[in-house]
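Descriptive analysis of the structure
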Amino acid sequence: METSVFILLYVILFLSTLLSYPFLRKKKRGFRVGRSKLPAGSMGWPYIGETLQLYSQDPNIFFLTKQRRYGEIFKTHILGCPCVMLTSPEAARFVLVTHSHLFKPTYPKSKEKMIGPCALFFHQGQYHTRLRKLVQSSMSPDAIRKLIPDIESIALSALDSWAASAQVIDTFNEMKKFSFDVGILSIFGHLEEGYKQKLEQNYRIVDKGYNSFPTKIPGSAYHKALQARERLNQILGEIICERKEKRLAEKDLLGHLLNFKDEKGQTLTEDQINDNIIGVLFAAQDTTASVITWILKFLHDDPKLLEAVKAEQKAIYQSNSGGKGHLTWAQTRNMTLAHRVLIESLRMASIISFTFREAVVDVEYKGYLIPKGWKVMPLFRNIHHNPEYFSDPQHFDPSRFERAAPKPNTFMPFGKGVHACPGNELAKLEALIFIHHLVTKFRWEVVGSKSGIQYGPFPVPQGGLPARFWKESSCPSQNMCP
Ligand code: HEM
């Protein structure tokens with residue numbers, strides 16, 4: 001009897017604590033530390049916070065509802081972490097640029113392990129600066145302009161194979177292969193096909209396991225991915241060994257990583273080289289594939305715009321002796337309309353909707369306290385979709401960039417500050433080259449009527465944009481193109 005009363009009391013106590021938690025949190029809303037107070041917002045339930053609310057709906061609706069309720073800065077609790085979310089350009093600049101030393105990059109340990117803990121985006125300070133310089137040199141305009149003919153042939157081979165198959169393809173999935181191949185090119189230059197295939201096979205397994213539940217139970221996607229990540233290290237070891245034996249001094253990313261020596265003559269370790277190669281491959285793939293998939297959707301949905309882009313690109317095609325010559329760097333810089341379509345797609349899709357940092361000390365911003373150890377999330381997408389900065393923000397309108405340049409810090413598709421994307425020029429180049437060959441030689445039709453966004457975790461059109469492709473030259477005879 002005594003035991004059952006004790007259990008009953010325990011249950012009542014537990015339930016009352018659970019139910020009173022939101023009220024307790026409300027009381028704490030005005031809590032002050034020093035002169036500053038925590039931002040307004042809700043911390044949700046104990047332990048789980050507002051994770052369920054975030055994942056049971058479109059994440060952007062979650063962020064937008066909060067912004068409307070609490071303003072440009074608010075607190076919440078997701079995935080076991082207290083967070084402060086920021087939705088204004090000034091706040092994003094504060095965290096990423098002017099006070100970046102007060103915030104460190106932060107990723108779940110399971111993800112760090114999968115990419116490799118020495119990859120530059122997990123670091124700050126001297127190590128980060130060194131690695132970043134190496135990545136930047138291999139992705140500089142001078143370096144990537146030499147890749148144009150190879151990127152063209154990768155794009156054409158992908159488009160030819162889709163048209164030849166006459167099948168409906170998952171555009172995003174196929175674009176991932178395209179951006180993977182370009183990533184390999186920028187890291188290794190011309191890599192032997194056998195190595196490329198082995199890297200691709202294992203990278204696919206890592207890619208599948210990256211967003212799965214991190215358990216080491218044999219057979220789980222995460223466990224398989226960890227094993228594949230180990231195999232990637234072995235393959236990279238073989239490639240590096242071969243390059244050293246042949247004494248090739250290439251100017252690609254691998255060359256820069258292998259040639260690096262610090263002031264004491266120290267070179268990078270094997271892990272540092274491997275983790276940064278996998279890191280760059282990872283950062284380059286889904287992001288670029290996603291934006292090109294969106295471009296295809298937006299052009300398909302606006303026939304007038306597509307005709308205008310075609311006219312611009314056909315003029316370049318004609319000036320290259322009917323496509324016999326390669327595109328030049330100058331031509332890719334003068335694709336005015338295609339460039340506007342690209343940047344408007346980046347704004348609309350906001351592929352990296354937000355980023356994470358962690359406060360390394362208590363920080364005060366506009367009278368609010370961001371406590372040490374809390375996560376801080378500048379919400380890029382909210383800024384890109386704020387009507388104060390972009391009129392009629394849900395409307396795809398490339399001409400907005402012709403009418404006026406975005407206000408400072410309101411357009412950050414590649415981030416801002418010390419961790420801003422070093423691959424942004426390569427991503428843009430890939431997209432422009434792809435558009436050129438797509439609209440001058442091919443037609444495509446989106447299949448099915450699914451609309452909306454799918455998160456995986458990057459935003460892509462529903463179903464990866466199922467589409468069918470035709471070679472324009474084969475259209476008049478077959479009379480079957482859209
Ligand atoms: C459309 C395509 C791309 C988009 C939208 C994109 C976006 C971004 C953003 C927003 C960041 C900053 C993240 C943060 O501050 O936490 C970033 C970082 C990074 N990106 Fe990209 N990226 C793209 C393509 C690429 C490509 C093609 C490469 C390499 C070839 C690349 C390599 C990197 C690396 C290495 C970092 C980490 C930089 C650092 O921590 O210093 N990205 N990217």
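Residues numbered from 1 in each chain as written. Predicted model: local features only at pLDDT ≥ 70, side-chain atom pairs only at ≥ 80, totals over all residues.

Per an unreviewed UniProt entry, the protein goes by the name (+)-abscisic acid 8'-hydroxylase and belongs to Hibiscus syriacus. In the Subcellular location (unreviewed entry) part of its UniProt record, the protein is described as follows: "Membrane". (UniProt positions renumbered as here; feature names shortened; annotations may be inferred.)

1. Some points on the overall build of the protein
Across its full length, the protein holds 20 helices and 14 strands. For 482 residues, the compact-globule estimate of 2.2 N^0.38 gives 23 Å, and the protein sits close to it at 25 Å. Across its three principal directions, the C-alpha atoms of the protein cover 90 × 55 × 50 Å. Split into buried and exposed, the 482 residues of the protein put 37% on the buried side. In the protein, of all internal contacts separated by at least 6 residues, the share reaching a separation of at least 24 is 72%. (Helix = DSSP H or I, 4+ residues; strand = E, 2+ residues; numbered from the N terminus. Rg over C-alpha atoms; globule rule 2.2 N^0.38 Å. Buried ≥ 20, exposed ≤ 12 C-beta atoms within 10 Å, placed from the backbone. Contact = placed C-beta atoms within 7 Å.)

2. Some thoughts on the site of the ligand
In the region of the ligand, 27 residues are neighbours, and Ala 283, Thr 287, Gly 415, Cys 421 and Gly 423 sit closest. Of the residues assigned to the shell around the ligand, the class counts are 17 nonpolar, 9 polar and 1 charged. (Near = placed C-beta within 6 Å. Nonpolar A, V, L, I, M, F, W, Y, C, P; charged D, E, K, R; others polar.)

3. A closer look at the sheet that holds strand β7 (residues 357–359)
The 5 strands lie next to each other as β3-β4-β10-β7-β5, forming an open sheet whose pairing is mixed. Both outer strands of the open sheet, β3 (73–78) and β5 (103–105), are each paired with one neighbouring strand and no more. Taking the axes of each pair of neighbouring strands and ignoring which way they run, one obtains an average angle of 35 degrees across the sheet. Pairing analysis gives 2 bridges linking β7 to strand β10 (residues 375–378), with the strands arranged antiparallel. Residue Glu 358 lies in a different strand from β10, and its bridge partner there is Lys 375. Set on the sheet, helix α4 (residues 89–98) makes contact with β3, β4 (81–86), β5, β7 and β10; between it and β10 the angle comes to about 125 degrees. (Pairing = 2+ DSSP bridges. Axes fitted to C-alpha atoms, helices over the stretch in contact; angles between N-to-C directions.)

4. Description of the environment of Gly 116
For Gly 116, the location among the structural elements is in the loop between α5 (109–115) and α6 (125–138). Judged by local crowding, Gly 116 falls into the buried class, with 21 C-beta atoms found within 10 Å. Excluding its chain neighbours within four sequence positions, the residues that come into contact with Gly 116 are Asp 271, Asn 274, Asp 275, Ile 278 and Gly 279.

5. Remarks on helix α16 (residues 336–349)
Owing to its 3.6 residues per turn, the α-helix aligns residues three or four sequence positions apart on the same side. With 14 residues, α16 ought to run about 20 Å at 1.5 Å a step, and its terminal C-alpha atoms sit 20 Å apart, in line with that. Structurally, α16 contributes buried residues whose contacts are with α13 (270–301), α14 (303–319), α17 (380–384), α18 (400–403), α19 (424–441) and β13 (459–461). Once α16 ends, the next one or two residues include Ser 350, with phi positive near 40 degrees. (Expected span 1.5 Å × (residues − 1).)

6. Some points on unusual backbone geometry
You will see that Tyr 47, though not glycine, has its phi angle at about 65 degrees, which is positive. One non-glycine residue, Asn 409, lies in positive phi territory at about 65 degrees. Topologically, Asn 409 is positioned in the loop between α18 and α19.

7. What about the environment of Ile 292?
Looking at the secondary structure, you find Ile 292 in helix α13. We classify Ile 292 as buried; it has 26 C-beta atoms within 10 Å. Between the C-alpha atoms of Ile 292 and Lys 428, which are 136 residues apart in sequence, the distance is 9.6 Å. When neighbours within four sequence positions are excluded, Ile 292 is seen to be in contact with Met 175, Ala 431 and Phe 434.

8. Topic: the sheet that holds strand β11 (residues 442–446)
Taken together, 3 strands build an open sheet; the order of strands is β6-β14-β11 and the sheet is antiparallel. In the strand order of this sheet, the two ends are held by β6 (169–170) and β11, each with one partner. Looking at chain direction, β11 and strand β14 (residues 466–471) are connected through 5 bridges and run antiparallel. Directly across from Trp 444, in β14, lies its bridge partner Phe 469.

9. Remarks on the packing of α13 against α19
Running from amino to carboxyl end, α13 crosses α19 at an angle of 35 degrees, the nearest separation of the two axes being 10 Å. Crossing angle aside, the handedness with which α13 passes α19 is right-handed. Touching Thr 287, Thr 288, Val 291, Ile 292 and Ile 295 of α13 are Ala 427, Glu 430, Ala 431, Phe 434 and Ile 435, all from α19. When the residues that make up the contact of α13 with α19 are grouped by side-chain class, the tally is 7 nonpolar, 2 polar and 1 charged. (Left-handed = near helix turned anticlockwise from the far one by under 90°.)

10. Notes on α13
The terminal C-alpha atoms of α13 lie 47 Å apart, and with 32 residues this matches the ideal 46 Å at 1.5 Å per residue to within 8%. When you tally the buried positions in α13, you get 27 out of 32 residues, the bulk of the element.

11. What to know about the packing of α14 against α16
Packing of α14 against α16 brings their axes to within 8 Å, and their N-to-C directions diverge by 135 degrees. One finds that α14 runs oblique with respect to α16. Counted together, Ala 308, Val 309, Glu 312 and Gln 313 of α14 and Leu 337, Ala 338 and Val 341 of α16 form the full contact between these two elements. Taken together, the residues of the contact of α14 with α16 sort by class into 5 nonpolar, 1 polar and 1 charged. (Parallel < 35°, antiparallel > 145°, perpendicular 65-115°, else oblique.)

12. A short note on the nonpolar core
Residues Leu 86, Ile 277, Ile 295, Val 376, Ala 431 and Ile 435 are the most contacted members of the largest nonpolar core, which totals 110 residues. The biggest single contributor to this core is α13, with 16 residues. Beyond its immediate chain neighbours, meaning those up to four positions away, Ile 295 contacts Val 341, Leu 342, Ser 345, Ala 431 and Ile 435. (Core = buried A, V, L, I, M, F, W, Y, C linked by C-beta atoms within 7 Å.)

13. Some words on the pairing of β10
Remark: a regular strand shows side chains that alternate across the two faces of the sheet. Of the two faces of β10, both are covered, the one formed by Lys 375 and Met 377 as well as the one formed by Val 376 and Pro 378. With 4 bridges joining them, β4 and β10 adopt parallel strand pairing. Looking at the pairing, Met 85 lines up with Met 377 of β10.

14. Things to note about the UniProt feature "binding site: heme" (unreviewed entry) in the protein
Cross-referencing UniProt, the feature "binding site: heme" (unreviewed entry) maps to Cys 421 in the present numbering. If you trace the backbone, Cys 421 turns up in the loop between α18 and α19. Setting aside chain neighbours within four positions, we find Cys 421 in contact with Phe 414 and Gly 415.

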